[in-house]
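Okay, here's what each chain looks like letter by letter:
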Amino acid sequence: MTAILTLALSIGASTAVFTVVDSVLLQPLSYRHSGRLVAIWEHPPFLNFGGLGPDPRHENLWQERATAFSGMALMQNGTEGLSIGTDHPRLVGTVLCQSNLLDVLRVAPILGRDFGPEDNVEGRDNVAIIAYSLWQSLFHGDPNVIGKTVRLADVPRTVIGVLPADFHFPNGDVLRAFYSKQPVSSAPSPAIFIPAAVQLSDFSWNGGYGDWVAIARLKPGVSIRRAAAQLNAIQAEILQLPAYEGNRQPGTLTASVQPLQKAVVGQSQAGLWLLMAAVLTFLLIACLNLANAQFARALSRQREAAIRAALGASKLRLLWHSLTENLLLGAIGGLGGVLLSIAGVNLFRYYSPINVPRLAEIHLNWSVLLFAAGLTLASSILFGVLPGLRLLRVDPQAALQQSGSHTLGARQSRRMRNGLIGLQVFGCTVLLLVTALFSQNLFHLLHEQKGFDTGHVALAEVQLPHRSYKQDESRMAFDAAVLKRLRAIPGVQSAGLINVMPLTGSRWIDGVQRVGRPRQKTPMINLRCVSAGYFEAMGEHLVAGRFFKERDLHLHTVILSEGEARALFGNANPIGGHVETESRKFTVIGVVTDSRTTSLKTAPAKMAYEYYNDRPPYTSVFVARGTQPADQLLAAMRNAIWSYAPEITIARISTLESQISDSLAAERFQTLVLVSFGIAALLLAMLGIYGVLSYSTEMRKREIGMRVALGATRRGIY
């Protein structure tokens, strides 16, 4: 029974993890001829990133001139509030795309129609295609859904199509137009596709990077290298435009082509393969443990094997008899492992704390079942063949003359079993070392200096509809009214807002230049819009100058992070100095300490904080610090927002500590899994060592008795 349980647990864990690896990394994307789908990235001369989404003007030129592609489309992931009737909006994942995206993917709606070129025209773009899951949950699978209206943000949209049930599109965590080591927190799966009325006149020839993703389909027989060469020839022509004057060195504006599957799963590969290696190590330790137990059992049956051999049994029959017993154990354990893996995969899909790409596509298939069968066969042979080979070398006459204790105490037998234990301990030690490294990294991330105070802080992210809040004054009025209500909540000490949720990576990256120093080289930084009270609510520390006050509403002021102030002003006093960004000039009124508000996994980003009246945000993250625990503020914050504007979408509401925990969900999950495997491997190794010593002691009772009779002490026996 112990052998069956050990096999079931080890094979179940291995099969479950391989199911994830196979579905995410090995299986092709669920689109027709998905191997020809690619993502196209631009590498601008002034941004040092791994690749950005292209400028729409450049992408339009690619569509016109590049012959390597049968289709190309721009898209961007997002989130919006969806509602029907008078209900509060619920947050759904959206895909804003050019009308030919589904054609590029070779996907057709099961109801209704696809987008047409006319849907990309402003004023005629108020249509939508919904995912199968949204059709089921919102419309209960109504076959007459075509023509019905939903309200997305503040825009009524007519449903014109329903996508197939097996269609899955990557969300904003997986397919982003810019690289960031910090994923978006719990980005919802795309549920509704809407056409993009792209006006090229709204974009410059050098600046619209990082907002869109270009997805294309290669023509049959066209390689990625050839497609990239075509695009870079076009890039060289773009580089000659007036927008790039002074920055025309060859190769400074390039494009790269990447298989779409690699773009979708690239950031998850290392973690998943590491997980697979860990679980296979655990399986190996389990098999070695079972081999050791079976080896001891075979040694105890040497006399039986000798009798069988003396009665005429062939060596092959003896080996087959040994393997048959082990294969039967392996089959029972393998079947139990498959059942456990099914339960494990379901738990992983529904309760995984990390946003694994292609999560909805994870399921058992024939390749996984073949893997499980192979594991069962390999493990059965591994822990059965060595004992069987041992029986083949039995000398019937010698075995019948020897006592069991003498046989089991033979030096060769002990050497074989000690070697198996050594392999177990080796695998266990490696697994524990890797576990210790991951645990140390997680501990470091959780306890290092963050630059802000996490206690008693609650966050609420709000998305304002673009049509209803098109005017700057309307957004400022909303923000001011909500802040007033938040500050009136009993126990709230301070409240403010920022335009980006903390710990969701680098956003709104641009350059800030010191006025009067046009040739000064400064790194790109993160720009943020904040209100009075934000720094106090976050517990950030002032280095010089002052925080924002309400009077800054009518001034053009900025607060710099310590690292950015040093980069711009050196050892000079930055207070009262002037900086410029996007042709807008600001007066520096304060310097705050460097903080890890973009990500805990990287060094503190250089930051510049504008007062929010300069660019009132459509996405406002309200921050409140209270005297009571932060989770007790959440309901009051929600009421404060909806009491003023019930049609507003609250995208996320949580405590700052929960936001920190979510930002480290991947590291926490990997560490938890490795710790579990490490502890299990340690227990198996301990059981193996115990088994060796137990059998050795049992079989050496006669020898120990003789030693005691001859005067050996208890300490000496130990």
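My aim in this report is to walk through the structure given alongside it, one point at a time. (Residues numbered from 1 in each chain as written. Predicted model: local features only at pLDDT ≥ 70, side-chain atom pairs only at ≥ 80, totals over all residues. Heavy atoms only, no water.)

1. Notes on the overall build of the chain
A count of helices and strands for the chain gives 21 helices and 22 strands. Counting across all 718 residues of the chain, residues that qualify as buried make up 50%. Long-range pairs, those at least 24 residues apart, make up 79% of the contacts in the chain between residues at least 6 apart in sequence. Put simply, the chain shows about 33,200 Å² of open surface, and 58% of that area lies on carbon and sulfur atoms. (Helix = DSSP H or I, 4+ residues; strand = E, 2+ residues; numbered from the N terminus. Buried < 20%, exposed > 50% of the residue type's maximum accessible area, 1.4 Å probe, protein only. Contact = heavy atoms within 4.5 Å. Areas by Shrake-Rupley, 256 points an atom, 1.4 Å probe, with all protein chains shown as cover.)

2. Considerations on the packing of aromatic side chains
Tallying each qualifying case throughout the model produces 15 aromatic pairs. Pairing F535 with F547 gives two aromatic rings, centres 5.3 Å apart and planes at 10°, and the pair type is stacked. With a gap of 12 residues between them, F535 in helix α15 (residues 534–538) and F547 in the loop between β16 (542–545) and β17 (557–561) connect regions that are remote in the sequence. By relative accessible area, which is 1% here, F535 ends up buried. Pairwise contacts between aromatic rings join Y534, F535, F547, F548, Y609, Y611 and Y612 into one cluster. The ring centre of Y618 lies 4.1 Å from the NZ or CZ of R475, which sits over that ring. (Phe/Tyr/Trp six-rings, centres within 6.5 Å; stacked < 30°, edge-to-face > 60°. Lys NZ or Arg CZ within 6 Å of the ring centre and 35° of its normal.)

3. Re the side chain of N120
Along the chain, the position of N120 falls in the loop between β4 (111–112) and β5 (127–130). A distance of 3.0 Å separates polar atoms of two side chains, one belonging to N120 and the other to S99. Among all residues touching N120, those that are not within four sequence positions of it are C97, Q98, S99, P195, A196, A197 and V198. (Polar contact = N/O pair within 3.5 Å; in protein donor to acceptor, adjacent residues only side chain to side chain.)

4. Here's the deal with empty space enclosed by the protein
Enumeration over the complete set of coordinates arrives at 2 cavities of 30 Å³ or more. Approximately 70 Å³ is the volume found for the second largest cavity. Considered class by class, the residues forming the lining of the second largest cavity number 8 nonpolar, 4 polar and 1 charged. (1 Å grid on protein atoms, 1.4 Å probe; cavity = no way out; pocket = protein on both sides within 12 Å on 5 of 7 lines; lining within 4 Å. Points joined across faces, edges and corners; volume = space filled by probe spheres on them. Nonpolar A, V, L, I, M, F, W, Y, C, P; charged D, E, K, R; others polar.)

5. Looking at unusual backbone geometry
In most cases, non-glycine residues show a negative phi, while peptide bonds are predominantly trans. At H140, a residue that is not glycine, the phi angle is positive and equals roughly 55°. Secondary-structure assignment places H140 in the loop between α4 (132–139) and β6 (149–152). Taking relative accessible area as the criterion, H140 reaches 67% and is therefore assigned exposed. In this model, A153 sits at a positive phi of 60°, which is unusual for a non-glycine residue. By relative accessible area, which is 19% here, A153 ends up buried.

6. Some remarks on the pattern of salt bridges
Per the stated rule, a full pass over the model turns up 13 salt bridges. For D119, the salt bridge identified is with R113, shortest N-O distance 3.0 Å. Note on D119: relative accessible area 3%, which makes it buried. For R487, the salt bridge identified is with E550, shortest N-O distance 3.4 Å. Note that R487 is positioned in helix α14 (residues 472–487) and E550 in the loop between β16 and β17, a separation of 63 residues in sequence. Here E550 falls in the partly exposed class, since its relative accessible area comes to 47%. (Salt bridge = Lys/Arg side-chain N within 4 Å of Asp/Glu carboxyl O.)

7. Some thoughts on the packing of α14 against helix α17 (residues 634–644)
It is the contact of α14 with α17, at a shortest axis distance of 9 Å, that shows an interaxial angle of 140°. Regarding the angle of α14 to α17, the classification is oblique. The hand of the α14/α17 crossing is right-handed. Facing A477, F478, A481, V482, R485 and L486 of α14, the residues of α17 in contact are M637, A640, I641, S643 and Y644. Its residues placed into classes, the contact of α14 with α17 shows 9 nonpolar, 1 polar and 1 charged. (Axes fitted to C-alpha atoms, helices over the stretch in contact; angles between N-to-C directions. Parallel < 35°, antiparallel > 145°, perpendicular 65-115°, else oblique. Left-handed = near helix turned anticlockwise from the far one by under 90°.)

8. What about the environment of P574?
Position of P574 relative to the elements: it lies in the loop between α16 (562–569) and β18 (578–581). With 15 residues separating them along the chain, P574 and I589 place their C-alpha atoms 8.1 Å apart. Once you skip the residues sitting within four places of it in the chain, P574 turns out to touch A565, F569, V588 and V591.

9. As for the nonpolar core
Ranked by internal contacts, the top residues of the largest apolar core, which has 68 residues, are L101, L105, F169, F193 and I215. Broken down by element, this core gets its largest block of residues, 11 residues, from helix α7 (residues 269–300). Beyond its immediate chain neighbours, meaning those up to four positions away, L101 contacts A73, M75, V95, F169, F193 and I215. Judged by nonpolar contacts, the second largest core, of 54 residues, contains I489, M501, A640 and I650. (Core = buried A, V, L, I, M, F, W, Y, C linked by side-chain atoms within 4.5 Å.)

10. Details of the environment of L555
One can find L555 in the loop between β16 and β17. The partly exposed category is assigned to L555, whose relative accessible area is 37%. A C-alpha to C-alpha distance of 8.7 Å links L555 and T587, two positions 32 residues apart in sequence. When neighbours within four sequence positions are excluded, L555 is seen to be in contact with N613 and D614.

11. A look at α16
Burial in α16 covers these residues: G563, E564, A565, L568 and F569. Structurally, α16 contributes buried residues whose contacts are with β14 (513–514), β15 (525–530), β17, β18, β19 (584–592) and β20 (607–611). The positive-phi residue at the C-terminal boundary of α16 is G570, with phi of around 60°.

12. Quick notes on a nonpolar patch on the surface
A grouping of L432, I679, L682, L683 and M686 is seen on the molecular surface, where their side chains present a nonpolar patch of about 440 Å² in accessible area. Among the elements that line the nonpolar patch, the one with the most residues is helix α19 (residues 665–699), at 4 residues. One can find L432 in helix α13 (residues 411–447). For L432, a relative accessible area of 32% puts it in the partly exposed group. (Patch = residues over 30% accessible without salt bridge, like charges linked within 9 Å, V, L, I, M, F, W, Y side chains within 5 Å.)

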